[in-house]
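Residue strings, one per chain:
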Amino acid sequence: MAAFGSLRSPEESLGLGTAALQAEDVFASYPSAIAALCAQTADGPVGFVVTSFAAGVSFDPPMAIFSAQNSSRTWQALRGAPSIGVSVLGHDQQHACYQLASRSRDRFAKLDYSVTDAGAVLLAESPLRMECEVMSETPAGDHQMVLLKVLGAQVDPESSPLVYRSKGFHHLIAAG
């Protein structure tokens, strides 16, 4: 993996130092929700998890975005689906994250999910579930930035999302 250097000269480093930093470690220090992207294919349900999901890219029309590694075979299987389900995982869905991130042939064994008429696979108990279609893909280094149009959504405002930070799981706690 390529290393990052300081963004400033040594004179203006403000304590950042000049040692090379690993991109994966740097980016993992930023908290993000974990989203499962899943669809029904001719071979059954297919899905994977991402920590690069962002909702609210556009409100009219509603759009979201995520990035997928160019080498992802799962994204290759999903990208042509007419509809993709996005399930932001809840704080108690670590098992689903591990299972969908595994190399297991049946990533959906014992997971509770539903399939929309258009083939989006949505995980039950997720705080946010959206049915989306792929609008565009833009090359971004070793990833593709994928823009999604949101066709419909369900939200559970009482449920807390599962958060990934510093290579571990966390959940949100209300401040104050």
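Residues numbered from 1 in each chain as written. Predicted model: local features only at pLDDT ≥ 70, side-chain atom pairs only at ≥ 80, totals over all residues. Heavy atoms only, no water.

With that settled, consider the nonpolar core. Ranked by size, the top nonpolar core spans 21 residues in total, and within it Leu37, Phe48, Phe53, Phe66, Trp75 and Val86 carry the most contacts. For Leu37, the contacting residues outside a window of four places in its chain are Val46, Gly47, Phe48, Val50, Phe66, Leu78, Ile84, Gly85, Val86 and Leu148. Core analysis: the next-biggest nonpolar cluster, separate from the first, contains twelve residues, Cys38, Leu89, Leu100 and Leu123 among them. (Core = buried A, V, L, I, M, F, W, Y, C linked by side-chain atoms within 4.5 Å. Buried < 20%, exposed > 50% of the residue type's maximum accessible area, 1.4 Å probe, protein only. Contact = heavy atoms within 4.5 Å.)

Moving on, we come to the pairing of strand S11 (residues 128-140). With five bridges joining them, strand S8 (residues 84-88) and S11 adopt antiparallel strand pairing. Its bridge partner lying in S11, Gly85 is registered against Glu131. In this structure, S11 lies alongside strand S12 (residues 143-155), joined through twelve bridges in antiparallel fashion. Its bridge partner lying in S12, Leu128 is registered against Val155. Hairpin connection of S11 to S12: two residues between the antiparallel strands, including Gly141 at a positive phi of 65°. (Pairing = 2+ DSSP bridges. Helix = DSSP H or I, 4+ residues; strand = E, 2+ residues; numbered from the N terminus.)

A few words on the layout of surface pockets. When its volume is computed, the largest pocket comes out at roughly 1,800 Å³. Contributing elements (two or more residues each) for the lining of the largest pocket: helix H1 (23-28), strand S3 (32-33), strand S5 (44-50), strand S7 (62-69), helix H2 (73-78) and helix H3 (94-101). By residue number, the principal contributor to the lining of the largest pocket is S5, which donates seven residues. (1 Å grid on protein atoms, 1.4 Å probe; cavity = no way out; pocket = protein on both sides within 12 Å on 5 of 7 lines; lining within 4 Å. Points joined across faces, edges and corners; volume = space filled by probe spheres on them.)

Here the focus is the side chain of Gln144. The residue Gln144 is located in strand S12 in this model. The class of Gln144 is buried, set by a relative accessible area of 15%. In terms of polar contacts, Gln144 uses its side chain to reach the side chain of Asn70, at 3.3 Å. When sequence neighbours within four positions are dropped, the list of residues in contact with Gln144 reads Phe66, Ser67, Ala68, Asn70, Arg79, Glu137, Thr138 and Pro139. (Polar contact = N/O pair within 3.5 Å; in protein donor to acceptor, adjacent residues only side chain to side chain.)

Attention now moves to the pattern of salt bridges. Evaluation of the coordinates by the stated rule reveals one salt bridge. Across the pair Arg79 and Glu137 runs a salt bridge whose closest N-O atoms are separated by 2.4 Å. In this pair, Arg79 sits in the loop between H2 and S8 while Glu137 sits in strand S11, placing the two residues 58 residues apart along the sequence. Residue classification places Arg79 among the partly exposed residues on the basis of a relative accessible area of 28%. On the basis of relative accessible area, Glu137 is assigned to the partly exposed category, the value being 29%. (Salt bridge = Lys/Arg side-chain N within 4 Å of Asp/Glu carboxyl O.)

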